[in-house]
Number of protein chains: 2
Amino acid sequence: MRITAQEEYGLRCLLQLAQQPEGEPLTVREIARREGLSAAYVEKLLHLLSRAGLTRSVRGQSGGYCLSRSPQQISLGEIIRALGGFVSDAEICNQFTGNLDCCVHVNNCGLRPLWRVAFYIQSMLDRIPLSALLHDEQKVERDLMETGRSSRLIV
Amino acid sequence: MRITAQEEYGLRCLLQLAQQPEGEPLTVREIARREGLSAAYVEKLLHLLSRAGLTRSVRGQSGGYCLSRSPQQISLGEIIRALGGFVSDAEICNQFTGNLDCCVHVNNCGLRPLWRVAFYIQSMLDRIPLSALLHDEQKVERDLMETGRSSRLIV
DNA sequence: GCGAAACCTGACTGATTTGTCAAGTTTCTT
DNA sequence: AAGAAACTTGACAAATCAGTCAGGTTTCGC
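Everything numeric here is computed off the predicted structure, so don't read it as measured data. (Residues numbered from 1 in each chain as written. Chains lettered and ligands numbered in written order. Predicted model: local features only at pLDDT ≥ 70, side-chain atom pairs only at ≥ 80, totals over all residues. Heavy atoms only, no water.)

(A) Region of the structure containing the overall build of chain A. Across its full length, chain A holds seven helices and two strands. Scored against the burial criterion, the 155 residues of chain A give a buried share of 51%. For chain A, the share of sequence-separated contacts (at least 6 apart) that also reach a separation of at least 24 residues comes to 63%. (Helix = DSSP H or I, 4+ residues; strand = E, 2+ residues; numbered from the N terminus. Buried < 20%, exposed > 50% of the residue type's maximum accessible area, 1.4 Å probe, protein only. Contact = heavy atoms within 4.5 Å.)

(B) Up close: the protein's contact with DNA strand D. Around DNA strand D, 27 residues are found, and the nearest of them are S38, Y41 and K44 of chain A together with H47 and Y65 of chain B. Sugar plus phosphate: this is where 77% of the atoms of DNA strand D within 4 Å of the protein reside. Residue assignment for the surface near DNA strand D shows that the elements contributing at least two residues are helix 1 (5–18) and helix 3 (39–51) of chain A together with helix 3 (39–51), strand 1 (55–58) and strand 2 (64–67) of chain B. Class assignment of the residues belonging to the surface near DNA strand D gives a composition of eight nonpolar, 14 polar and five charged. (Near = heavy atom within 4 Å. Nonpolar A, V, L, I, M, F, W, Y, C, P; charged D, E, K, R; others polar.)

(C) A look at the packing of helix 6 (residues 112–126) of chain A against helix 6 (residues 112–126) of chain B. Their axes nearest at 12 Å, the elements helix 6 of chain A and helix 6 of chain B cross at an angle of 150°. Judged by the inter-axis angle, helix 6 of chain A sits roughly antiparallel to helix 6 of chain B. Taken as a pair, helix 6 of chain A and helix 6 of chain B cross one another with a handedness that is right-handed. Contacts from V117, Y120, I121, M124 and L125 of chain A in helix 6 of chain A reach V117, Y120, I121, M124 and L125 of chain B in helix 6 of chain B. Of the residues assigned to the contact of helix 6 of chain A with helix 6 of chain B, the class counts are ten nonpolar, no polar and no charged. (Axes fitted to C-alpha atoms, helices over the stretch in contact; angles between N-to-C directions. Parallel < 35°, antiparallel > 145°, perpendicular 65-115°, else oblique. Left-handed = near helix turned anticlockwise from the far one by under 90°.)

Structural data, given as structure tokens:
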């Protein structure tokens, strides 16, 4: 269970965009410079994020990338899903790679409670806006406490 | 941010061991049969878990594997760490693969709040015992609510 | 118009992760 | 003591992921 490189670097790019004044696009080259990444890699990440509807590109000489919504309206959950995905219902027993014809647990999956945990984590991330990462760490902590108290697992 | 194959299958093996009567080892062959995995792969997973101190092997003709502690005393967090690890403090800025000599955020890392989130998730998993996955899903839900209320991020 | 600056895209290479194989060592049963 | 059942281990092949490259298309400023 790890945060992938793609998620980390993609998020860094988004944080750069989030610090930009409204409506002023930032170039790939500039983001790459600030984050110490190659321009090609930043392009790939931003392309992924644009496909997911999180960023918007402006072509042409004075173009670049913007967030498509305000940092308050973009959640960490969305970002994680755009950049590599999370465990999801669909892939649980279908993508089973074992020897049997299908997952032996298909009728009474002993791991279903684990997926429940995963969904819980995901719903927690859905409640944390990108803007939370712009502020101090205490802010994030308060947000987490909030989700901890209020969220329920959907039965 | 995903649960890896190794984590999933390793956990399945542990769940098989957890259902075994105390002190009766289960053979690799039998676990493999029940889970529809190859014996070689199950061996590899159990070897990893033994190294982490979660399982114990009994050699010889009537041997096999047991849990080294009761399912109540083994947490999901430990299991995840044994089977592929979680993000950890040490690897955050050190393993940075960018072009710069070191992470450009080393002094004021914009992602630190994200690691805080990761640690929070990890501490939540540390509070869920393996035994919780043996019971019904409502049980897991109650456990999660408990951790949601009681845990604090360590500052 | 035309060239420079910027985004767009798919193919490709290297690294990591998955899962297998094969040749051990240990222990029990008879 | 011999053989079978079981764990041990390191090397390997296949699949997936990270990151690069090259050659596009679009737009702006002059």
